[in-house]
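Listed below, chain by chain, are the residues.
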Amino acid sequence: MFYKNARLLTENGLEPFDIAVENGFVTGILNPAAEGKSFSSEGEAVISLKNKIILPGFIDVHVHLREPGFFYKEGVKSGTAAASAGGYTAVCAMPNLNPFPDSVEHLAVEEEIIKKDASIAVYPYGCITEGERGEKLADMEQLAERVVAFSDDGKGVQNPALMEEAMRRAKSLGKIVAAHSEDESLLFGGYIHDGAYAKAHGHRGISSASEYKQIERDLALAKKIGHKHHVCHISTKESVKLIRRAKADGADVTCETAPHYLLLSDEDLREEGRFKMNPPLRSKADRDALIEGILDGTIDMIATDHAPHSAEEKSKGLAGSAFGISGLETAFALLYTNFVKKNIFSLTKLVELMSINPAKRFGIAGGWLGKGKRADFTVFDLDKKSIIDGKKFISKGKSTPFDGYEVFGECAMTIYNGRVVWQRSSTEK
């Protein structure tokens, strides 16, 4: 297969390139203008990508595919289809499932579904504790070779001694602990940020301390143990400051945030379930600190925390709706439109956040496109303008706070392992 007339992101910016793919691998990359020649493609399949760019396939280290256990919310088939439509060629599946992947027997249920239904790479997480109850460690030794990392996402590990033991075991196994940092004693029954909107509208607020105090605890443990630690979905200015300081002190720590925390604050809240997620939308000061954390390298990657729910579960306002939104199909366009087009950071930086850094940290194939590498890449029309409409999502979860947003950057095609797994009908052949 030959992909011709595209622009490829290089260290010199966007340059014209042709790409040859065979047996799932990139076998050639050629700049016809610079090299004065082109691939001989007579009798071969050729896709013309004129006016489009090729980027390495995105990698999302924080996705809820909901299967097994919650198929009505999402499934591996629908979730990976949504991911490929957003330009992703790999996702890491969080473990709050039924059964929880806290043993090899339970993990095998998820693995069988992935093998049968996934259209892109899916790397499952294993649980830190049995059933995510925070009482006893999961069978980490048996799970280690079959999971990308360990997490109890959806819940913080409340017992510091248990978390320390989990880190020690993970270190001995060469695995990351990806922590959902949440001190339940500081939640106070809240469900949105404990800020001006909550006070003005009579809502119970979630304190910022519920996040950053547990991050502070875990960073101290990670530094003490010398463990590879990852902090999920940070949302507060204090979290950014703590992680920045820990990195300066030599801790082996990375972190992620999500598009909604970079683009929205509690001033954008409405009395609708599509604005409810955990962590919640914080203040403008928190949002600004997260952006600064992106710019100075404190924040290593952007994940979606794609967390689909049924329409009924998201129809009960801020107080009664389930936590979580769908984000795989909108992430790149939102970030490109609001940061790259506005010259806040570069397209190269965005690719680092969405592909290169996740691949490096979690040991996932991909991250950059090159000869001899697996053919995982995505094709975008950066000039294509569209309006976000959650009702049109491929994901079963239609809930997004970005309904009605005008964005640039449409995914025209996604290639995983050399196969086209997503293609818009408008793409020129």
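Being a predicted model, the structure only gives us computed values, none of them experimental. (Residues numbered from 1 in each chain as written. Predicted model: local features only at pLDDT ≥ 70, side-chain atom pairs only at ≥ 80, totals over all residues. Heavy atoms only, no water.)

K.L.:
Help me understand the overall build of the protein chain in this model?
P.N.:
Secondary structure summary: the protein chain contains 13 helices and 17 strands in total. Expected size for 429 residues packed as a compact globule is a radius of gyration near 22 Å; at 21 Å, the protein chain falls within 12% of this value. Across the 429 residues of the protein chain, 62% fall into the buried class. Put simply, 72% of the contacts in the protein chain that link residues at least 6 apart link residues at least 24 apart. Across the protein chain, the 55 positively charged side chains and the 60 negatively charged ones have centroids separated by 2 Å. (Helix = DSSP H or I, 4+ residues; strand = E, 2+ residues; numbered from the N terminus. Rg over C-alpha atoms; globule rule 2.2 N^0.38 Å. Buried < 20%, exposed > 50% of the residue type's maximum accessible area, 1.4 Å probe, protein only. Contact = heavy atoms within 4.5 Å. Lys, Arg positive; Asp, Glu negative; His and termini not counted. Charge placed at Lys NZ, Arg CZ, Asp CG, Glu CD.)

K.L.:
I'm lost on the pattern of salt bridges in this one. Help?
P.N.:
Once their charged atoms are close, side chains differing in charge can pair, the charge on each being opposite to the other. Going through the model one piece at a time under the given rule, you end up with 25 salt bridges. Put simply, glutamate 164 and lysine 224 hold a salt bridge, and the shortest N to O gap is 3.0 Å. Pair noted here: glutamate 164 is in helix 5 (residues 160-173) and lysine 224 is in helix 7 (residues 209-225), with a separation of 60 residues, a long-range link. Its relative accessible area of 18% is what places glutamate 164 among the buried residues. Put simply, arginine 287 and aspartate 288 hold a salt bridge, and the shortest N to O gap is 3.5 Å. (Salt bridge = Lys/Arg side-chain N within 4 Å of Asp/Glu carboxyl O.)

K.L.:
Help me understand the packing of aromatic side chains in this model?
P.N.:
Here the distance between the centres and the angle between the planes together describe a pair of aromatic rings. Inspection of the entire model under this criterion finds 8 aromatic pairs. Note on phenylalanine 58 and phenylalanine 332: the rings are 5.3 Å apart at their centroids and 20 degrees apart in plane angle, and the pair reads as stacked. Remark: phenylalanine 332 occurs in helix 12 (residues 331-340) and phenylalanine 58 occurs in strand 6 (residues 58-63); sequence separation between them is 274 residues. Taken as a pair, phenylalanine 58 and phenylalanine 332 share a single burial class, namely buried. Ring geometry for phenylalanine 339 against phenylalanine 345: centres 5.1 Å apart, planes inclined by 10 degrees, an arrangement best described as stacked. Residue classification places phenylalanine 339 among the buried residues on the basis of a relative accessible area of 4%. Here lysine 276 stacks its cationic end above the ring of phenylalanine 323, 4.6 Å away from the centre of that ring. In this arrangement the basic side chain of lysine 396 is found over the ring face of phenylalanine 71, its NZ or CZ atom lying 3.2 Å from the centre. (Phe/Tyr/Trp six-rings, centres within 6.5 Å; stacked < 30°, edge-to-face > 60°. Lys NZ or Arg CZ within 6 Å of the ring centre and 35° of its normal.)

K.L.:
Looking at this model, I keep getting lost on helix 5. Mind explaining?
P.N.:
Along an α-helix, a turn takes 3.6 residues, which lines up residues three or four apart on a common side. With 14 residues, helix 5 extends 20 Å between its outermost C-alpha atoms, agreeing within 8% with the 20 Å of an ideal straight helix rising 1.5 Å per residue. Within the sequence span of helix 5, burial applies to Leu162, Met163, Glu164, Ala166, Met167 and Ala170. Lining the buried residues of helix 5 we find helix 4 (140-143), strand 9 (177-179), helix 7 and strand 12 (229-231). A distance of 2.9 Å separates the backbone nitrogen of alanine 161 from a side-chain oxygen at the start of helix 5, and that oxygen is part of asparagine 159. (Expected span 1.5 Å × (residues − 1). Polar contact = N/O pair within 3.5 Å; in protein donor to acceptor, adjacent residues only side chain to side chain.)

K.L.:
Just checking my understanding: could you explain the environment of asparagine 338 for this structure?
P.N.:
Counting through the fold element by element, asparagine 338 comes out in helix 12. Under the relative-accessibility criterion, asparagine 338 is labelled buried at 19%. Sequence separation of asparagine 338 and aspartate 383 is 45 residues, and the distance between their C-alpha atoms is 14 Å. Not counting the four nearest positions on each side in its chain, asparagine 338 is found in contact with Leu263 and Ile344. One polar contact links the side chain of asparagine 338 to the main-chain carbonyl oxygen of leucine 334, over a distance of 2.8 Å.

K.L.:
Hey, could you run me through unusual backbone geometry in this one?
P.N.:
With glycine set apart, most residues show a phi of negative sign, and most peptide bonds adopt trans. With an omega of 5 degrees, the peptide bond between asparagine 98 and proline 99 qualifies as cis. With respect to the secondary-structure elements, proline 99 resides in the loop between strand 7 (88-93) and helix 3 (104-117). In this chain, asparagine 278 is followed by proline 279 through a cis amide linkage whose omega measures 0 degrees. By the element assignment, proline 279 lies in the loop between helix 9 (259-263) and helix 10 (284-295). Of note in this structure, asparagine 5 is not a glycine but carries a positive phi near 70 degrees. Phi is positive for arginine 66, which is not a glycine, with a value near 65 degrees. On the accessibility criterion, arginine 66 (7% relative accessible area) is buried.

K.L.:
I'm lost on the nonpolar core in this one. Help?
P.N.:
Soluble globular proteins tend to pack their nonpolar side chains together in the buried interior. Leu55, Tyr88, Tyr125, Ile234, Phe332, Leu347 and Phe362 are the most contacted members of the largest nonpolar core, which has 90 residues in total. Apart from the residues lying within four places of it in its own chain, the contact partners of leucine 55 are Leu9, Phe332, Leu347, Val351, Phe377, Thr378 and Phe380. Leu107, Ala138, Ala170 and Val177 belong to the second-largest nonpolar core, a separate cluster that totals 22 residues. (Core = buried A, V, L, I, M, F, W, Y, C linked by side-chain atoms within 4.5 Å.)

K.L.:
Looking at this model, I keep getting lost on the sheet that holds strand 6. Mind explaining?
P.N.:
Paired through their backbone hydrogen bonds, the strands of a sheet run either parallel or antiparallel. Here we have 3 strands laid out as an open sheet, ordered 6-7-8, and parallel in their pairing. A single partner strand is all that each edge strand has here, and the edge strands are strand 6 and strand 8 (121-124). Each neighbouring strand pair of the sheet contributes to a mean axis angle of 20 degrees, computed without reference to strand direction. Of the pairings in the sheet, the one linking strand 7 to strand 8 comprises 4 bridges and is parallel in character. Bridge pairing in strand 8 links cysteine 92 to tyrosine 123. Contacts from helix 13 (residues 347-362) reach strand 6 and strand 7 within the one sheet, and its direction differs from that of strand 6 by about 65 degrees. (Pairing = 2+ DSSP bridges. Axes fitted to C-alpha atoms, helices over the stretch in contact; angles between N-to-C directions.)

Keep in mind these numbers describe shape, not what the thing actually does.
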